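Each chain is listed here by its residues.
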Amino acid sequence: MNKTIYFIANWKMNGNHNSIKEIERVFIFFKKNVIYKFKKIIFCPPINLLSSFRAKIKSRLIDFGTQDISKININNGPYTGQLSGKMLKDTGANYVIIGHSEKRLIDEDFKTIKDKINVALKNKLKIIFCIGENLSQKNKGLSLKVLKKQILSSLDKNKINFNNLIIAYEPIWSIGTGVVPSNNYLYKIYGNLKKFLKEKYNVNSPVMLYGGSVTTYNVVTLREISLISGFLIGGASLKSASFIKIIKNYFK
Ligand code: 13P
């Protein structure tokens, strides 16, 4: 089956105006190498760069997303520091990351995440919804319980359409550590999540990604898990060379 595989670059708090070069290189590579058909590439740079990057790269080969959205469900108003869903949509972004563990640590609780998802849906931004357990939860055997709670407490079954939502499983103990879960562990997690999503949301083929220390090397092992439809990549997405190589190795 030729399903779409996602490669999403989460630049976090990195990059400057020169970093457009990295995206341009990725763009040129895929323009020249049309064999890689069944992939979707999304860059999520910091918001200060997004509009200008989008203006320079207007191509269906590369899509853009933001790393955050205001939970306030209006387009404009007296909310210092907030960026509304409409403003983000106006930057040219089509996706938004919500529920990342790094944001959960700072200021995103379940209710905030739910509110942000509503704003994203209203503004026709597709959602990259992140879930993940920490090391102590994993060691206590609580991973699936934690993940299910994160899903149930933020995804309203009457509102969510899984055509507009991607689930990114990012074990916190794997982010930026170089440690990647074994395939056995991942089979168990994704298999259970798929069953759970069918039971609770009646979705047959949810798009589920993996994130956490993805590299040009381990992508070859991770691709064995067919329930994984792509990757949310941090560090290795900052340079075009490693980002392109991850994609090449996936399809090799
Ligand atoms: P790293 O790839 O740097 O581990 O980051 C993963 C991540 O948090 C992507 O959202």
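Here is a short report on the structure shown in this document.

Criteria and thresholds
Residues numbered from 1 in each chain as written. Predicted model: local features only at pLDDT ≥ 70, side-chain atom pairs only at ≥ 80, totals over all residues. Heavy atoms only, no water. Salt bridge = Lys/Arg side-chain N within 4 Å of Asp/Glu carboxyl O. Helix = DSSP H or I, 4+ residues; strand = E, 2+ residues; numbered from the N terminus. Buried < 20%, exposed > 50% of the residue type's maximum accessible area, 1.4 Å probe, protein only. Phe/Tyr/Trp six-rings, centres within 6.5 Å; stacked < 30°, edge-to-face > 60°. Lys NZ or Arg CZ within 6 Å of the ring centre and 35° of its normal. Near = heavy atom within 4 Å. Polar contact = N/O pair within 3.5 Å; in protein donor to acceptor, adjacent residues only side chain to side chain. Areas by Shrake-Rupley, 256 points an atom, 1.4 Å probe, with all protein chains shown as cover. Nonpolar A, V, L, I, M, F, W, Y, C, P; charged D, E, K, R; others polar. Core = buried A, V, L, I, M, F, W, Y, C linked by side-chain atoms within 4.5 Å. Contact = heavy atoms within 4.5 Å. Disulfide = S-S within 2.5 Å.

## Brief notes about the pattern of salt bridges
- Tallied over the entire structure, the rule returns 10 salt bridges.
- One salt bridge connects Lys12 with Glu102, and the closest N-O pair in it is separated by 2.9 Å. Taken together, the positions of Lys12 in the loop between β1 (5-10) and α1 (20-32) and Glu102 in helix α4 (residues 101-106) put the pair 90 residues apart, joining distant regions of the chain.
- The class for Glu102 is partly exposed, based on a relative accessible area of 32%.
- A salt bridge links Lys103 to Asp68; its shortest N-O distance comes to 3.2 Å. With a gap of 35 residues between them, Lys103 in helix α4 and Asp68 in the loop between β3 (62-66) and α3 (85-90) connect regions that are remote in the sequence.
- Each of Asp68, Lys103, Asp107, Glu108 and Lys116 takes part in salt bridges that share partners, so that together they form one network.

## A word on the packing of aromatic side chains
- All told, the structure shown has 12 aromatic pairs when counted by the stated rule.
- Look at Trp11 and Phe43: their rings are 5.8 Å apart centre to centre, the planes differ by 80°, and that puts the pair in the edge-to-face class. One end of the pair, Trp11, is in the loop between β1 and α1; the other, Phe43, is in strand β2 (residues 39-44), and 32 residues separate them in sequence. A single burial state applies to Trp11 and to Phe43, both of which are buried.
- An angle of 90° between the planes, with centres 5.0 Å apart, marks the rings of Phe29 and Phe30 as edge-to-face. Side by side, Phe29 and Phe30 carry an identical accessibility label, which is buried.
- Its guanidinium or amino end placed over the ring of Trp173, Lys138 lies 4.6 Å from that ring's centre, counting from NZ or CZ.
- Here the basic side chain of Lys138 rests over the ring of Tyr185, its NZ or CZ set 5.6 Å away from the ring centre.

## Structural notes on the site of the ligand
- The local shell around the ligand consists of Asn10, Lys12, His100, Glu170, Ile175, Gly176, Gly212, Ser213, Leu232, Gly234 and Gly235.
- A distance of 2.8 Å separates an oxygen atom of the ligand from a polar atom in the backbone of Gly235.
- Burial of the ligand by the protein chains amounts to 94% of its free accessible area of 310 Å².
- Looking at the shell around the ligand, its residues break down into 2 nonpolar, 7 polar and 2 charged.

## A closer look at the nonpolar core
- Phe43, Phe129, Ile151, Leu155, Ile167 and Phe231 are the most contacted members of the largest nonpolar core, which totals 66 residues.
- The element that contributes the greatest number of residues to this core is helix α8 (residues 183-201), accounting for 8 residues.
- Discounting chain neighbours no more than four positions away, the residues touching Leu155 are Ile117, Phe129, Ile160, Phe162, Leu165, Ile167 and Tyr201.
- Counting 13 residues, the second largest nonpolar core, distinct from the first, contains Ile8, Ile42, Ile128 and Val207.

## Let's talk about the state of the cysteines
- Taken as a whole and assessed by the stated rule, the structure comprises 0 disulfides.
- Summary of cysteine pairing: Cys44 is not part of a disulfide, and the nearest cysteine sulfur, belonging to Cys130, is at 9.3 Å.
- Here Cys44 falls in the buried class, since its relative accessible area comes to 0%.
- Look at Cys130 and you get buried, because its relative accessible area is 1%.

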